[in-house]
Amino acid sequence: PTNITHASAAMAHFNLKRTILILLIPSCALAFTQQLERRHQKPFCNTGTIRIKAGTGSSTISFSSNLPDNDVETPDTSNTGYRPGSLMAATAQQGRVPYGESSRKYRRTEFSYDDWVDHRNSDKNIVTNVKGMFFSGIIRQLGEDIKVITLVAASLVLWNDFIVPNDLFSGYLPRIVLPPLPFQLSSPALGLLLVFKTNASYGRWLEARNSWAKIVSQSRNIIRMSSTFAPQTIEGKESIEELTKAIWLLCRSLMNELSDPGDEDDFHKEVSEVFQMNGSSYMRHRDIVTSGDRTMSALAQATIALDNVPIDEKRRVEIDKSLVLIGDCISVCEKIYTSPVPLVYTRHTGRFLSLWMILLPAAMYDTFSNGSVASSFQCLALIPTASIVGIFLFGIDELAIQLEEPFSILPMQSFCDNVRKSANVISGWTMASVKSEIKVERSTRVMD
């Protein structure tokens, strides 16, 4: 009787723990998903201190606000040392890490020497990488997917370990368990789908970047050769200035075509600054801005501006080859922008990955369970394990999606500014050099 009493007490104690866990697991899962939702909807905090390490030093930004969560006061980041327009500067300004579409404009990375030094920094270790997971825009973008996987794993543990063994349902309800063999056989196929999609997306990004590099290079070549070959007269100088503006407008029009509608106001403003609001030149370029196809109109205007430069025909034909190459690059950019990775491939990969991840906790269940009473507590580790696996696999798919349309993460504004700056430097330097040579020649004749 004593043994029976001890056994009954132990069973009652275990049932009490089971009841507590039955109530605890859904609560924890719900709290986890609600935390993910809050991180998507509002900043980390309204008040406090943000410390972000950059390079070999660190910066501290303190701010406070009594405003609502959707109207957080922007702290002063003028002395933080972050590159303007970078993701780190945006994090300091907003008090949170931007994610989704709002983060793409902060991913237009251009490296300088200091950036490469920080990129090679040996102080970055496993602790830094793990900490970065909590502030990753990619992971924050996956909140809905990870929420589903977490709830599925929590529901599976609740069903198999706390509802099925309950005395009320003992012998009536089956456990939900799947053999791991189908997942072992299908995982190479899933891996190939993800790898091929990621490689295709990176190839699109690389082709877009190479096309813009050629556009910048050929634009410089046009100005360099035209400035060198044109006569040093008022007519020659004015024609070079018109050609320089036309080449910049061509690059800027292409950028506007490949950008979101929010670029429209900036486009009109920059065109008004470059072309003074008077004269026939401004009227022609205003017609380009209002045309149905700005890029092709700007390309035609650049061809006309080149034809107006007073140089011989052979040299003009040679310079026109650079315009032909720019036209080819424009076609490549339009091809990438208008043609995504085949949707049937993207959809099949997404469905395969989603179903595979939803069923995976049932296949991993036996790994965390050995059939004993203690396994009811060990199976709780299945929940974070399924979430972590989901983060990495869904993260690979999300990386491919983010790279598929590369133009919104390329620094096209910087490319256009570089074209304008280089054109002004090249044309100014060439004309100054020719004038200097003329002065030297005249001085030599006088001395003779």
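Residues numbered from 1 in each chain as written. Predicted model: local features only at pLDDT ≥ 70, side-chain atom pairs only at ≥ 80, totals over all residues. Heavy atoms only, no water.

Draft legend 1. Structural context of the overall build of the protein chain. From N to C terminus, the protein chain includes 16 helices and two strands. Split into buried and exposed, the 448 residues of the protein chain put 38% on the buried side. (Helix = DSSP H or I, 4+ residues; strand = E, 2+ residues; numbered from the N terminus. Buried < 20%, exposed > 50% of the residue type's maximum accessible area, 1.4 Å probe, protein only.)

Draft legend 2. Up close: the nonpolar core. Counting residues in each nonpolar core, the largest one holds 46 residues, and the members touching the most others are W212, L243, I247, L249, L323, F407 and M412. Breaking this core down by element, the ones donating at least two residues are α7 (181–229), α8 (234–257), α9 (264–274), α10 (279–289), α11 (294–307), α12 (313–338) and α16 (412–447). With residues up to four places along the chain from it excluded, the contact list for L243 reads I222, I223, S226, A302, A305, L306 and V309. One finds V157, W356, A362 and C379 within the second-largest nonpolar core, a separate group that totals 28 residues. (Core = buried A, V, L, I, M, F, W, Y, C linked by side-chain atoms within 4.5 Å. Contact = heavy atoms within 4.5 Å.)

Draft legend 3. The pattern of salt bridges, seen in detail. One pass over the full model with this rule turns up 10 salt bridges. Residues E207 and K335 are paired through a salt bridge, measuring 3.2 Å at the closest nitrogen-oxygen approach. Here E207, found in helix α7, pairs with K335, found in helix α12; they are 128 residues apart in sequence, far enough to count as distant. Residue class for K335 comes out partly exposed when judged on its relative accessible area of 43%. Here the salt bridges share partners, and the residues they tie into one network are R252, D263 and E270. (Salt bridge = Lys/Arg side-chain N within 4 Å of Asp/Glu carboxyl O.)

Draft legend 4. Highlighting the state of the cysteines. Summed over all chains, the structure comprises zero disulfides. In this structure C251 is a free cysteine whose sulfur lies 5.6 Å from that of C416, the closest cysteine sulfur available. For C251, a relative accessible area of 1% puts it in the buried group. (Disulfide = S-S within 2.5 Å.)

Draft legend 5. Main features of the environment of I240. Mapped onto the secondary structure, I240 falls in helix α8. Assessed through its relative accessible area of 1%, I240 is described here as buried.

Draft legend 6. Structural context of the packing of α8 against α11. It is at 8 Å that the axes of α8 and α11 come closest, and there the two elements cross at 165 degrees. When the axis of α8 is compared with that of α11, the two are roughly antiparallel. Here α8 runs over α11; the crossing is left-handed. Listed contacts from α11 to E242, L243, A246, I247, L249, L250, S253, L254, N256 and E257 of α8 are R294, T295, A298, L299, Q301, A302, A305 and L306. Residues of the contact of α8 with α11, tallied by class, amount to 11 nonpolar, four polar and three charged. (Axes fitted to C-alpha atoms, helices over the stretch in contact; angles between N-to-C directions. Parallel < 35°, antiparallel > 145°, perpendicular 65-115°, else oblique. Left-handed = near helix turned anticlockwise from the far one by under 90°. Nonpolar A, V, L, I, M, F, W, Y, C, P; charged D, E, K, R; others polar.)

Draft legend 7. Looking closely at the packing of α7 against helix α13 (residues 343–368). Between α7 and α13, the shortest axis-to-axis distance is 10 Å and the interhelical angle comes to 145 degrees. As α7 runs across α13, the sense of the crossing is left-handed. Here F183, S186, S187, A189, L190, L192, L193, L194, F196 and K197 of α7 lie close against α13, whose contacting residues are Y345, T346, H348, T349, F352, L353, W356, L359, L360 and A363. Residues of the contact of α7 with α13, tallied by class, amount to 14 nonpolar, five polar and one charged.

Draft legend 8. View of the packing of aromatic side chains. Applying the stated criterion across every chain, the model contains five aromatic pairs. Summarising the aromatic geometry, the rings of F111 and W116 are spaced 4.7 Å apart at their centres and angled 75 degrees between planes, so their arrangement reads as edge-to-face. For F111, a relative accessible area of 38% gives the class partly exposed. Relative accessible area serves as the criterion here: at 42%, W116 is assigned to the partly exposed category. Ring geometry for F183 against W356: centres 5.6 Å apart, planes inclined by 65 degrees, an arrangement best described as edge-to-face. Remark: W356 occurs in helix α13 and F183 occurs in helix α7; sequence separation between them is 173 residues. Residues F183 and W356 agree in their burial class; the two are buried. (Phe/Tyr/Trp six-rings, centres within 6.5 Å; stacked < 30°, edge-to-face > 60°.)

Draft legend 9. Main features of α11. End to end, α11 covers 20 Å across 14 residues, agreeing with the expected 20 Å (1.5 Å per residue, within 8%). Looking only at α11, the buried set comprises R294, T295, A298, L299, Q301, A302, A305 and L306. Taken down its axis, α11 places every buried residue within 165 degrees of arc, on the same side. (Expected span 1.5 Å × (residues − 1). Arc of directions from axis to C-beta.)

Draft legend 10. Layout of the confidence of the model for the protein chain. Averaged over every residue, the pLDDT of the protein chain is 76; residues scoring 70 or more account for 68%. Taken as a whole, residues 1–14 scores under 50 in pLDDT and shows three contacts with residues more than four places along the chain or in a different chain. Overall, residues 36–79 carries pLDDT values under 50, and its contacts beyond four positions in sequence, including any with other chains, amount to 85 contacts. (pLDDT = per-residue confidence, 0-100.)

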